[in-house]
Amino acid sequence: MTTTTETDGLVEALRSQARSYHDQHPFHVRMNAGRLSRRQIQGWVANRYYYQENIPRKDAAILANCPDLEVRRRWIRRIIDHDGTASGEGGIEAWLRLGEAVGLTREEVADGRHLVPGVRFAVDAYVTFARTKPWVEAVASSLTELFAPDLMAERLAAFERHYTWIDPGGLAYFRARLQQAPRDSEHALEVVTRHCRSADDQARAVAALSFKCDVLWSVMDAIDRAYAD
């Protein structure tokens, strides 16, 4: 039986991965400081779209592997958040609107013409992880959402302050995640702490989250190199 102390230790170890979160990446630091060019912002939006459109596929993989009915009933909301239930809804649509707001067409964002190979490789590795690893480890990998609300708030403020040429209506994705990310991370943390009872299980959960941080960092590395000044 897992004790409160052991659970607290797991949560602390998971939260400590914030030190490797991509908000610390030099490209991201420059973005929040208002030091990116229009071309660099557009490159980031166009490449990040590949991650956004693969989030529902990652979550569908977790659902496919998860035997727990109650977890599936709650987890499916993530897919709905990104796909919507009708045309014009959802996070993917919101990201396409962000693309338009920074001066790209929907077509060039959606067709991947600006996609950097390193971004594709990193995101595909994440989807493969979710498909092939035990479902609880895949859930643990999603816990970068523990760090996301602060990131979204800072990003939103930075865009509004420094990149006034961006249509404010295009920032709706970030505003929505301010509420969605805390809800999602609370559920994922509940699942991980309930199912990861042994030291080995807990170590694998932390390793899964570390892997996800590496994925996001690799995405930023690839964009940074492709859109260097």
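The structure we're discussing is the one just above.
A.B. asks: An account of the pattern of salt bridges is needed here, citing residue identities and associated values.
C.D. replies: This model, assessed by the stated rule, comprises 18 salt bridges. Taking the shortest distance from any N to any O, the salt bridge between Asp68 and Arg194 comes out at 3.9 Å. Of the two residues, Asp68 sits in the loop between helix 3 (38-65) and helix 4 (69-83) while Arg194 sits in helix 10 (residues 172-195), which places them 126 residues apart along the sequence. For Arg194, a relative accessible area of 34% translates into the label partly exposed. One salt bridge in this structure joins Arg106 and Glu100, with 3.8 Å as the shortest N-O distance. Given a relative accessible area of 40%, Glu100 falls into the partly exposed group. Taken together, the salt bridges that share partners define one network made up of Arg78, Asp81, Glu145, Arg177, Arg183 and Asp184.

A.B. asks: Please give an account of the side chain of Glu145 that cites residues and values.
C.D. replies: Note on placement: Glu145 falls in the loop between helix 8 (135-141) and helix 9 (148-162). The residues touching Glu145, leaving out its near neighbours within four places in the chain, are Arg78, Arg177, Ala181, Asp184 and Ser185.

A.B. asks: How would you summarise helix 9 if you had to cite specific residues and measurements?
C.D. replies: Spanning 15 residues, helix 9 covers 20 Å between terminal C-alpha atoms, matching the ideal 21 Å at 1.5 Å per step. Within the sequence span of helix 9, burial applies to Ala148, Pro149, Leu151, Met152, Arg155, Leu156, Ala158 and Phe159. Where helix 9 is buried, its residues touch helix 2 (26-32), helix 3 and helix 10.

A.B. asks: Quick rundown of the packing of helix 3 against helix 11 (residues 199-226)? Include the residues and the values.
C.D. replies: With their axes 10 Å apart at the nearest point, helix 3 and helix 11 run at an angle of 145° to one another. Remark: the crossing between helix 3 and helix 11 carries right-handed chirality. Of the residues in helix 11, those touching helix 3 at Arg39, Trp44, Asn47, Arg48 and Tyr51 are Lys212, Leu216, Met220, Ile223 and Ala226. Partitioned by chemical class, the residues of the contact of helix 3 with helix 11 number six nonpolar, one polar and three charged.

Reading the values: the criteria
- Residues numbered from 1 in each chain as written.
- Predicted model: local features only at pLDDT ≥ 70, side-chain atom pairs only at ≥ 80, totals over all residues.
- Heavy atoms only, no water.
- Salt bridge = Lys/Arg side-chain N within 4 Å of Asp/Glu carboxyl O.
- Helix = DSSP H or I, 4+ residues; strand = E, 2+ residues; numbered from the N terminus.
- Buried < 20%, exposed > 50% of the residue type's maximum accessible area, 1.4 Å probe, protein only.
- Contact = heavy atoms within 4.5 Å.
- Expected span 1.5 Å × (residues − 1).
- Axes fitted to C-alpha atoms, helices over the stretch in contact; angles between N-to-C directions.
- Left-handed = near helix turned anticlockwise from the far one by under 90°.
- Nonpolar A, V, L, I, M, F, W, Y, C, P; charged D, E, K, R; others polar.

Distances and angles like these do not, on their own, reveal function.
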